[in-house]
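Residues per chain, in single letters:
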Amino acid sequence: MGKTALITGITGQDGAYLSEFLIKKGYTVHGIKRRASLFNTDRIDHLYQDPHLDDRNLILHYGDMTDSMNLTRIVSEVQPDEIYNLAAQSHVKVSFDTPEYTANVDGLGTLRILESVRLLGLASKTRIYQASTSELYGLVQEIPQKETTPFYPRSPYAVAKMYAYWITVNYREAYNMFACNGILFNHESPLRGETFVTRKVTRALSRIALGIQSDVYMGNLSSKRDWGHAKDYIKAMYLILQQDKPDDYVIATGVTTTIRDFISQAFNEIGIRIEFKGEGSNETGEIAAINTPVFVEKIGESYLAPIQKRIGEKVVKVDPEYFRPTEVELLIGDATKSRTQLGWEPKYNLDMLIEDMMANDVKNMKKEAYLRDGGYRILNYFE
Ligand code: NAP
Ligand code: G4F
């Protein structure tokens, strides 16, 4: 008999990669999805199975982290060997606009999961992974950050996650539960939400290259992040729950990069060299050179994208609207404990991550450009 896992946040970036990974390992995966007015299962549609089939290995349940009774019923029905608590209002900037909701979902939501396992008498059966975050380090007290570095959260999101971190530790100590925190540094992928900085950049640059969009407005270009690939990071989640003893682990690459350098490297992927000029909200990124011609596909023909004529033009601009009331300026992790105790090692470096994300978004945007130009012709054809 394979194991049974319950994943909250199964429709998110990490939930999608983790489901696929666990199913390949022979797990039956149950996931909690929110009711939405539009389909919200794009990231896991390739794993979907008709509910009428026997022996399904992916089963979805409607639920919400703010609904204790719903969560308790699902945990009771599923009787999971492992719970991966990934559901969260995970956008730091949005947490300043929705602080109470973020606290409810990200902080109390974790308590609801822990308490349901305890009340259902599953404390000795069910292992729990809590999606903790490098945002806990906030105004960093040590460089690089490791498991023993003191926390200094800088957003409602991080404060809510701090509650979740400590309530997980508390349930482990108070009730002997196998409850663990993965303190994951930023991890990205082609499945990353479109409003996080890396995906915003790879989408916008692909559109700029194809002439669909003229420029992109960004926030703080100087902050630094330790970026890894989500495919590597979900493996660490699994490893954390396979250990003999429950514990907390930092997962990071140990390399940090500014947002500015991420943008330059992403432009390199499409043969464009960018130069940054000015400071603060007056900083701009100009096209300095185009090394590879960018072609746009249309039905039956291809033509040079309008980007070719744009050397010297400002394609990256700053809008202070994207600044945060309190910023996390620098994150860089020390994952020595994970490497030595879990045997975890990332396969992707930043170059490979950017290549993967840019290749995916250029493909997506080519489709969009094609549908725009070509779509009009198809419309005429049917008229
Ligand atoms: P994500 O793509 O934003 O996914 C979040 C998931 O949570 C989605 O499935 C979302 O559902 C669900 N969700 C949000 N509010 C909910 C609610 N009230 N009830 C039930 N489900 C809800 O996030 P991610 O990047 O995969 O990250 C996974 C977890 O790791 C999060 O807890 C995040 O805070 C944490 N984390 C992420 C990173 C990172 O760099 N990615 C680093 C450290 C920690 P919808 O699809 O319906 O919106
Ligand atoms: O991509 P971000 O929005 O990610 P952030 O705030 O680091 O949070 C992500 O990683 C955390 C792990 O450390 C997770 F816990 C959390 O759930 C989330 O996944 O922003 C990264 C940096 C920030 O300094 C931000 O100010 O990029 C800067 N930035 C500059 N311009 C921007 C923009 N961020 C966004 N989202 N959009 C911009 O236009």
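Cut-offs applied
- Residues numbered from 1 in each chain as written.
- Chains lettered and ligands numbered in written order.
- Predicted model: local features only at pLDDT ≥ 70, side-chain atom pairs only at ≥ 80, totals over all residues.
- Heavy atoms only, no water.
- Phe/Tyr/Trp six-rings, centres within 6.5 Å; stacked < 30°, edge-to-face > 60°.
- Helix = DSSP H or I, 4+ residues; strand = E, 2+ residues; numbered from the N terminus.
- Buried < 20%, exposed > 50% of the residue type's maximum accessible area, 1.4 Å probe, protein only.
- Lys NZ or Arg CZ within 6 Å of the ring centre and 35° of its normal.
- Near = heavy atom within 4 Å.
- Polar contact = N/O pair within 3.5 Å; in protein donor to acceptor, adjacent residues only side chain to side chain.
- Areas by Shrake-Rupley, 256 points an atom, 1.4 Å probe, with all protein chains shown as cover.
- Nonpolar A, V, L, I, M, F, W, Y, C, P; charged D, E, K, R; others polar.
- Expected span 1.5 Å × (residues − 1).
- pLDDT = per-residue confidence, 0-100.
- Contact = heavy atoms within 4.5 Å.
- Salt bridge = Lys/Arg side-chain N within 4 Å of Asp/Glu carboxyl O.
- Pairing = 2+ DSSP bridges.
- Axes fitted to C-alpha atoms, helices over the stretch in contact; angles between N-to-C directions.

1. Side note on the packing of aromatic side chains
- According to the stated counting rule, one finds 10 aromatic pairs in the structure shown.
- Measuring from ring centre to ring centre gives 5.3 Å for phenylalanine 21 and tyrosine 238, while their planes differ by 70 degrees; the resulting arrangement is edge-to-face. With phenylalanine 21 in helix 1 (residues 13-24) and tyrosine 238 in helix 7 (residues 230-241), this pair connects stretches of sequence that are 217 residues apart.
- Judged by its relative accessible area of 18%, phenylalanine 21 is buried.
- On the accessibility criterion, tyrosine 238 (16% relative accessible area) is buried.
- A ring pair is formed by tyrosine 165 and tryptophan 166, whose centres lie 5.0 Å apart and whose planes are at 85 degrees; its orientation type is edge-to-face.
- Look at tryptophan 166 and you get partly exposed, because its relative accessible area is 47%.
- One aromatic cluster is present, built from ring pairs that chain together Tyr137, Phe151, Tyr165, Trp166 and Phe185.
- Over the face of the ring belonging to phenylalanine 178 we find arginine 127, whose NZ or CZ atom lies 3.8 Å from the ring centre.
- Taking the ring centre of phenylalanine 196 as reference, the NZ or CZ of arginine 192 above it sits at 3.9 Å.

2. Points about the site of ligand 1
- The environment of ligand 1 is formed by 25 residues, the closest being Thr11, Arg34, Ser90, Tyr157 and Lys161.
- Within the backbone of glutamine 13, a nitrogen or oxygen atom sits 3.0 Å from an oxygen atom of ligand 1.
- For ligand 1, the accessible surface in isolation is 900 Å², of which the surrounding protein chains cover 89%.
- Listing elements by their share of the shell around ligand 1, those giving two or more residues are helix 1, helix 4 (99-119), strand 5 (127-133) and helix 5 (156-175).
- Ranked by residues supplied to the shell around ligand 1, first place goes to strand 5 with 3 residues.
- Grouping the constituent residues of the shell around ligand 1 by class yields 10 nonpolar, 10 polar and 5 charged.

3. Examining helix 6 (residues 197-209)
- Between its first and last C-alpha atoms helix 6 spans 18 Å; for 13 residues at 1.5 Å apiece the expected length is 18 Å, and the two agree.
- The element helix 6 is largely enclosed, with a buried count of 11 among its 13 residues.
- Along helix 6, the positions that sit buried rather than exposed are Thr198, Arg199, Lys200, Val201, Thr202, Ala204, Leu205, Ser206, Arg207, Ile208 and Ala209.

4. A word on the confidence of the model for the chain
- When pLDDT is averaged along the chain, the result is 93; 92% of the residues meet or exceed 70.
- Within the model, the stretch residues 375-383 combines pLDDT values under 50 with 6 contacts to residues more than four positions away or in other chains.

5. Overview of the pattern of salt bridges
- Inspection of every chain in the model, using the stated rule, returns 19 salt bridges.
- A salt bridge links aspartate 361 to arginine 199; its shortest N-O distance comes to 2.9 Å. Placement of the pair is aspartate 361 in helix 10 (residues 350-382) and arginine 199 in helix 6, with a sequence separation of 162 residues.
- Looking at arginine 199, the relative accessible area reads 6%, which means it is buried.

6. Regarding the environment of methionine 218
- Locating methionine 218 in the fold gives a position in strand 8 (residues 216-218).
- Taking the C-alpha atoms as reference, methionine 218 lies 23 Å from lysine 363; in sequence the two are 145 residues apart.
- Contact partners of methionine 218, with chain neighbours within four places excluded, come to Val197, Lys200, Val201, Ile259, Ile263, Val316, Lys317, Val318, Asp319 and Tyr322.

7. Overview of the site of ligand 2
- Ligand 2 sits among 23 residues. The nearest are Thr133, Ser134, Tyr157, Arg324 and Glu327.
- Contact between ligand 2 and asparagine 186: an oxygen atom at 2.7 Å from a side-chain N or O atom of the residue.
- For ligand 2, an oxygen atom lies 2.7 Å from a polar atom in the side chain of serine 223.
- Relative to its unbound accessible area of 710 Å², ligand 2 is 95% covered by the protein chains.
- For the shell around ligand 2, the class distribution of residues is 8 nonpolar, 9 polar and 6 charged.

8. Observations concerning the pairing of strand 6 (residues 179-184)
- With 6 of its 6 residues buried, strand 6 lies for the most part within the structure.
- Along strand 6, one buried face is formed by Ala179, Asn181 and Ile183 and the opposite face, lined by Cys180, Gly182 and Leu184, is buried too.
- For strand 5 and strand 6, the ladder comprises 6 bridges, and the chain directions are parallel. If you follow serine 132 over to strand 6, its bridge partner there is isoleucine 183.

9. Some points on the sheet that holds strand 5
- Sheet architecture is open: 7 strands sit in the order 3-2-1-4-5-6-11, paired in parallel fashion. In the strand order of this sheet, the two ends are held by strand 3 (58-62) and strand 11 (249-251), each with one partner. For this sheet, the mean angle separating the axes of adjacent strands, direction not counted, is 20 degrees.
- With 5 bridges connecting them, strand 1 (residues 4-8) and strand 2 (residues 28-33) associate as parallel partners. Residue pairing for strand 2: isoleucine 7 is matched across the bridge by glycine 31.
- Strands in contact with helix 4 are strand 1, strand 4 (82-85), strand 5 and strand 6; relative to strand 4, the strand with the most contacts, it is inclined by about 170 degrees.

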